[in-house]
Amino acid sequence: MATKIDDFAPFPVKDQLPGVEYCVSSSPNWPEGIVQGFQHYIVMLGTTVIIPSILVPLMGGGDVQKAEVINTVLFVSGINTLLQSLFGSRLPVVIGASYAYVIPALYITFSYRFTYYLHPHLRFEETMRAIQGALIIASICHMVMGFFGLWRILVRFLTPLSAAPLVILTGVGLVVLAIIFLLQLARCVEIGLPALIILIILSQYLPHLFKCKRSICEQFAVLFTIAIVWAYAEILTAAGAYDKRPDSTQLSCRTDRSGLIGASPWVKVPYPLQWGRPSFHGSDAFAMMAASYVAIVETTGSLIAASRFGSATHIPPSVLSRGIGWQGIGVLLNGLFGTATGSTALVENSGLLGLTKVGSRRVVQISAAFMIFFSIFGKFGAVLASIPLPIFAALYCVLFAYVASAGLGLLQFCNLNSFRTKFILGFSIFIGLSVAQYFTEYLFVSGRGPVHTRTSAFNVIMQVIFSSAATVGIMAAFLLDCTHSYGHDSVRRDSGRHWWEKFRIYYTDTRTEEFYALPYNLNRFFPSF
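About the criteria used
Residues numbered from 1 in each chain as written. Predicted model: local features only at pLDDT ≥ 70, side-chain atom pairs only at ≥ 80, totals over all residues. Heavy atoms only, no water. Helix = DSSP H or I, 4+ residues; strand = E, 2+ residues; numbered from the N terminus. Expected span 1.5 Å × (residues − 1). Buried < 20%, exposed > 50% of the residue type's maximum accessible area, 1.4 Å probe, protein only. Phe/Tyr/Trp six-rings, centres within 6.5 Å; stacked < 30°, edge-to-face > 60°. Lys NZ or Arg CZ within 6 Å of the ring centre and 35° of its normal. Polar contact = N/O pair within 3.5 Å; in protein donor to acceptor, adjacent residues only side chain to side chain.

(A) Fine view of helix α15 (residues 317-337). Helix length check: α15, at 21 residues, gives a terminal C-alpha distance of 30 Å against a target of 30 Å (1.5 Å per residue), a fit within 8%. Counted residue by residue, α15 has 17 buried out of 21 residues, so it is predominantly covered. Positioned one or two residues after α15, Gly-338 has a phi angle of 85°, which is positive.

See the structure below:
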């Protein structure tokens, strides 16, 4: 009888996610850590390649410029990842190129003032300088939000109920990215679908078939999947399977059409202002500030997910604000070096923490070393960057789902039998997905956003903010959670606020110091509150 009663007992609430092999403050042995770090590097390559591949040709650049921008993005991402893991949030997140900055970059690219440049290379450099100037201005607002504690004030009112839609939509709400990935899978279903199936089998089924304490297949499923499917794609390319296919299909599916290997230099170190002196325009800066706000929101979702998968306690508001401040420094570096986009905490790498159950900070720092190395030795990095995009699309389908599941896990702190909880959760997720989908489809169909005033910068600002499902969702959830029946006695417990109160102040919980303390005893000079 006792066993039957236990079967119906609810699962206990866990401040820290159990079942993780390595938490934030622990580390695997060096050989395993190096392979895990290389896996993180491979995962972030998809976003690193896609964004410059979209922007650089429209800016007037060719394969050489695209390769240089990709290497620059890699180099700056490595530096930003080290800074974030050492002095920022201290969580195992990879800082890389952000899709939030693509729309403002396109707005600058299609500006009338660049139509007078007939030479493509000259137009590329002038456009890059304008994007650099806008990023530098936006980074100042970014750093103010973080280092001056403005973001800390806001996230102190965040509860598990309002944070759940944020993390869920951070994982599944990248509408534009989802469309790009589905198109890649559709163009090369013979590559993308096997990659998706193999990854699921290796990571989810084989570890249970072979009873062992630590499964190699589970921890290195991404590397095995890429190796198998990439070799398969090489065979298809060599056999002439794509010789008579459309150019767009060949560009996505063939392993010899990226143009990166021939265009990349053997050795080159990216340096600040390599494209020339940045130019500054007010409308460009305001558009980039909107993208910076969206990047802050999406980074917050990724950091919360990373803290769960790293088996750390909930990230205190002061530490989260500190991480946002260092992300602002990362955006400043993006502007100085010329990456054509800003920075964010990559969702796919946060999902990889959940897939591998390895949330070690050291692993991510090793991946940063790989980024810097392959950005300097461009030929070697170009070989890996030429992996067909449908393979990355398949990987991201699984990794984004893991981040969304981290958001669902936050609901354990909430009262799901409360109708207030049901309304806030359901409405914020629905409105986040639907509004972002509407703005995105409107842009693709008509070539402009639904907000169409005489002030083009304002139109871009609205398009950037409301194209982000996570941003729309958290605005709705945060507003409703702070206003709906706020004075009622049960609201505090229904929203899970009482579970996170001990993490609102840095020193309230004794475990906080273990995961979020600055190295070299720097907390004496930069205290957290």
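(B) How the structure looks around the packing of aromatic side chains. For the structure shown, the criterion picks out 24 aromatic pairs. Ring centres 6.3 Å apart and planes at 75° place the aromatic pair Phe-309 and Tyr-402 in the edge-to-face group. Within this pair, whereas Phe-309 is found in helix α14 (residues 282-309), its partner Tyr-402 is found in helix α19 (residues 389-409), the two being separated by 93 residues in sequence. Summarising the aromatic geometry, the rings of Tyr-506 and Tyr-507 are spaced 4.7 Å apart at their centres and angled 85° between planes, so their arrangement reads as edge-to-face. Judged by its relative accessible area of 52%, Tyr-507 is exposed. Clustering of aromatic rings is evident, with ring pairs tying together Phe-38, Tyr-41, Phe-370, Phe-373, Phe-374 and Phe-377. Its guanidinium or amino end placed over the ring of Trp-30, Arg-362 lies 4.5 Å from that ring's centre, counting from NZ or CZ. One cation-aromatic arrangement involves Lys-379 over Trp-266; the distance from NZ or CZ to the ring centre is 5.8 Å.

(C) Helix α2 (residues 30-59), seen in detail. Under the 1.5 Å per step criterion, the end-to-end length of α2 is 42 Å for 30 residues, consistent within 8% with the ideal 44 Å. Of all 30 residues that make up α2, 21 are buried, and the element is covered over most of its length. Capping the start of α2, Asn-29 holds a side-chain oxygen 2.9 Å from the backbone nitrogen of Glu-32, two or three residues further along. Gly-60 sits one or two residues past α2 and shows a positive phi near 105°.

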